Amino acid sequence: MDKISPEKRSWTMARVKGKDTQPEKMARALLHGMGYRFRLQRADLPGKPDIVLPRFRTVVFVHGCFWHRHSCKRATTPASNTEYWSAKFAGTVARDAMNKSLLEMKGWRVLTIWECELKEVSALQARLRAVLRQPTMS
Ligand SMILES: [Zn+2]
């Protein structure tokens, strides 16, 4: 399935799977400060969302712009090993889309907080409030 070298894999995994990355901490602190109460990483949910707001039937992913290919200037592509990176990124984007569909099928609203949004806290707060105010489908 995946043919990258163990060295490259561990290098990659260390960056992808890092628990409590700075953006996640910031997102939690932000939501907490806004008065929302949540649970962390529910392993039983597709994609292990970073933050779960049970009352709002909402899960939140905090995504790094580079890895998850946000449409912003942080989503650069390294100049060497282009093929490897393209495949890597495509895999991540496909997995994110799959997890989102699975979660929505289970009646969850899926919210993504992008790393770059954490630089504009008041705009992000306004967006989160607006989304969480809307009733969920289920
Ligand atoms: Zn971004």
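First things first, this report covers the structure right here in the doc. What you are looking at is a predicted structure, and each value in this text was computed from that prediction instead of being measured.

In sheet architecture, strand pairing relies on hydrogen bonds along the backbone and comes in two forms, parallel and antiparallel. Strands sit in the order E1-E2-E3-E4 across an open sheet of four strands; the sheet is mixed. Either end of the sheet is taken by a strand with one partner, and the two such strands are strand E1 (39-40) and strand E4 (109-114). Here strand E3 (residues 58-63) pairs with E4 via six bridges, running parallel. Residue pairing in the sheet places Phe61 in a bridge with Thr112 of E4.

Evaluated as defined, the whole model comprises eight aromatic pairs. Seen from their ring centres, Phe66 and Phe89 are 5.2 Å apart, and the 90 degrees between their planes marks the pair as edge-to-face. Taken together, the positions of Phe66 in helix H3 (residues 65-68) and Phe89 in helix H4 (residues 82-105) put the pair 23 residues apart, joining distant regions of the chain. A relative accessible area of 21% places Phe66 in the partly exposed class. Consider the rings of Trp67 and Phe89, whose centres lie 6.3 Å apart with planes at 65 degrees: the pair is edge-to-face. Of this pair, Trp67 sits in helix H3 while Phe89 sits in helix H4; the two residues are 22 residues apart in sequence, bridging distant segments of the chain. Look at Trp67 and you get buried, because its relative accessible area is 14%. Grouped by ring-pair contacts, the aromatic residues Phe66, Trp67, Tyr84, Trp85 and Phe89 constitute a single cluster. The aromatic ring of Phe66 is capped on one face by Arg69, whose charged end is 5.7 Å from the ring centroid. We note Arg69 situated over the ring of Phe89; from NZ or CZ to the ring centre the distance is 3.6 Å.

With that settled, the discussion passes to the environment of Val93. Tracing the sequence through the fold places Val93 in helix H4. Classification of Val93 by relative accessible area gives partly exposed; the value is 38%. Each C-alpha atom of the pair Val93 and Trp67 lies 8.6 Å from the other, and the pair is 26 residues apart in sequence.

Here is what the cut-offs are and how they apply
Residues numbered from 1 in each chain as written. Predicted model: local features only at pLDDT ≥ 70, side-chain atom pairs only at ≥ 80, totals over all residues. Heavy atoms only, no water. Pairing = 2+ DSSP bridges. Helix = DSSP H or I, 4+ residues; strand = E, 2+ residues; numbered from the N terminus. Phe/Tyr/Trp six-rings, centres within 6.5 Å; stacked < 30°, edge-to-face > 60°. Buried < 20%, exposed > 50% of the residue type's maximum accessible area, 1.4 Å probe, protein only. Lys NZ or Arg CZ within 6 Å of the ring centre and 35° of its normal.

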